[in-house]
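Structure at a glance
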Amino acid sequence: MINKNLLDIKNLQVKINEKIILNNLNLSVNSGEIHAIMGKNGSGKSTLAKVIAGHPKYKITQGQIIFNGHNITEMEPEERSHNGIFLAFQYPIEIPGVSNADFLRTAYNAKKKFYNENELDPLSFLDFIDKKFKDIDMDVTFLNRNVNEGFSGGEKKKNEILQMSLLNSKLSLLDETDSGLDIDALKTISNTINKLKNNDNAIILITHYQRLLDYIKPNYVHIMQEGNIVHTGDFSIVEQLEQYGYQYIQSSINL
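Residues numbered from 1 in each chain as written. Predicted model: local features only at pLDDT ≥ 70, side-chain atom pairs only at ≥ 80, totals over all residues. Heavy atoms only, no water.

In spatial order, the strands read 6-9-10-3-11-12; together these 6 strands make up an open sheet with mixed pairing. Looking at which strands have only one partner, the edges of the open sheet turn out to be strand 6 (85-88) and strand 12 (228-233). Adjacent strand axes in the sheet meet at a mean angle of 20 degrees when their direction is disregarded. Bridging between strand 11 (residues 220-225) and strand 12 involves 5 bridges; their strand directions are antiparallel. Each bridged residue has a counterpart across the sheet, and for Met224 the counterpart in strand 12 is Ile229. (Pairing = 2+ DSSP bridges. Helix = DSSP H or I, 4+ residues; strand = E, 2+ residues; numbered from the N terminus. Axes fitted to C-alpha atoms, helices over the stretch in contact; angles between N-to-C directions.)

Turning next to unusual backbone geometry. A positive phi angle, near 50 degrees, is found at Asn17, a position not held by glycine. Of note, Asn17 is situated in the loop between strand 1 (5-16) and strand 2 (19-30). In this model, Glu18 sits at a positive phi of 70 degrees, which is unusual for a non-glycine residue. Looking at where Glu18 falls in the secondary structure, it is placed in the loop between strand 1 and strand 2.

Looking at chain direction, strand 1 and strand 4 (residues 59-67) are connected through 7 bridges and run antiparallel. Among the inter-strand pairings, Lys15 is bridged to a residue of strand 4, identified as Lys59. From the end of strand 4 to the start of strand 5 (residues 70-71), which pair antiparallel, there are 2 residues, and Asn68 there has a positive phi angle of about 55 degrees.

With respect to topology, 4 strands assemble into an open sheet ordered 2-1-4-5, the strand pairing being antiparallel. For this open sheet the edge positions go to strand 2 and strand 5, each flanked by a neighbour on one side alone. Strands in contact with helix 1 (residues 45-53) are strand 1, strand 2 and strand 4; relative to strand 2, the strand with the most contacts, it is inclined by about 70 degrees. (Contact = heavy atoms within 4.5 Å.)

Interhelical geometry of helix 3 (residues 100-114) versus helix 4 (residues 122-135) gives an angle of 95 degrees and a closest axis separation of 11 Å. Between helix 3 and helix 4, the crossing angle belongs to the class labelled roughly perpendicular. Contacts between helix 3 and helix 4 pair Ala101, Leu104, Arg105 and Tyr108 from the former with Pro122, Phe125, Phe128 and Ile129 from the latter. In terms of residue class, the contact of helix 3 with helix 4 is built from 7 nonpolar, no polar and 1 charged. (Parallel < 35°, antiparallel > 145°, perpendicular 65-115°, else oblique. Nonpolar A, V, L, I, M, F, W, Y, C, P; charged D, E, K, R; others polar.)

Now for the side chain of Ser46. Take Ser46: it is sitting in helix 1. On the accessibility criterion, Ser46 (18% relative accessible area) is buried. Once residues within four sequence positions are removed from consideration, Ser46 is found in contact with Gln90, Asp175 and Ile206. (Buried < 20%, exposed > 50% of the residue type's maximum accessible area, 1.4 Å probe, protein only.)

Between the first and last C-alpha of helix 5 (residues 153-167) there are 22 Å, a value that for 15 residues agrees with the 21 Å anticipated at 1.5 Å per step. Helix 5 sits mainly inside the fold: 13 of its 15 residues count as buried. One or two residues past the end of helix 5 sits Asn168, with phi positive at roughly 50 degrees. (Expected span 1.5 Å × (residues − 1).)

A few words now on the pattern of salt bridges. Under the definition given, this model contains 6 salt bridges. Glu117 is the partner of Lys112 in a salt bridge, and the nearest nitrogen-oxygen pair spans 3.0 Å. Take Glu117: its relative accessible area is 40%, and that puts it in the partly exposed class. (Salt bridge = Lys/Arg side-chain N within 4 Å of Asp/Glu carboxyl O.)

Following the criterion strictly, the structure yields 5 aromatic pairs and no others. For the pair Tyr108 and Phe125, a centre-to-centre distance of 6.0 Å together with 50 degrees between the ring planes defines the contact as tilted. Separated by 17 residues along the polypeptide, Tyr108 in helix 3 and Phe125 in helix 4 bring together distant segments of the chain. Judged on exposure class, the residue Tyr108 and its partner Phe125 are both buried. Residues Phe125 and Phe128 carry aromatic rings whose centres are separated by 6.5 Å and whose planes lie at 45 degrees to one another, so their mutual orientation is tilted. Taken as a pair, Phe125 and Phe128 lie in helix 4 at a separation of 3 residues, close to a single helical turn. Chaining the aromatic ring pairs together yields one cluster made of Tyr108, Phe125 and Phe128. In this arrangement the basic side chain of Lys217 is found over the ring face of Phe235, its NZ or CZ atom lying 4.4 Å from the centre. (Phe/Tyr/Trp six-rings, centres within 6.5 Å; stacked < 30°, edge-to-face > 60°. Lys NZ or Arg CZ within 6 Å of the ring centre and 35° of its normal.)

Counting residues in hydrophobic clusters, the biggest one holds 39 residues, and the most contacted among them are Ile129, Leu174, Ile193 and Leu205. When residues in this core are grouped by element, the largest group, 5 residues, is from helix 5. Setting aside residues no more than four positions away along its own chain, Leu174 makes contact with Phe86, Ala88, Ile161, Met164, Ile193, Ile203, Ile204, Leu205 and Ile206. (Core = buried A, V, L, I, M, F, W, Y, C linked by side-chain atoms within 4.5 Å.)

Okay, structure coming up:
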């Protein structure tokens, strides 16, 4: 089976407050693939995820983002979401006064409406989402709580993966999903992500550590530095990073 190209980023340059954050970056991701992006703090990893998702804070001054055959460089964030891009935040925010149930159902039905499909009423939605809560090992009582309010770090990350499962997106950008997780939560979330991965979607994992990639094996590992991808390899480079750090890797690949 020949997998379809889902994401093609060409010569991307991005600024914020006239400072270049991403510089002539290129990245290609096919369906059925998992890509890991690693790099030191400030190398541009989270910025890249936000730019793909359409964060308005960043200004694209050069290049294109092609997603599923369409140029989305100027597309609004909600349009990108409807078209199949999902971003799990590094630091999920709390939304006081909005129940998790209302938030999740509204997001789900917004996508249904975009595709002219039948929306779910509250009771039907509860039946639909019950299994997804069990898959992520979350108590269904979290539906009645406000979005992320009072959640632990691990619970917030589980809630993000629950949204990923619910929206069934074509490209999922997971920004340090492993941060703040104990070993049990890491295993649960990793197992869920592995179940959600198929030949029709793709996942980009942003992480600092090998432990997540021990559970979710990437097809490719990219190293970022100063707003660009400076090296691409397989899983073996993760083991080198864990043992020797970035200085050794940089010297070995002549950065």
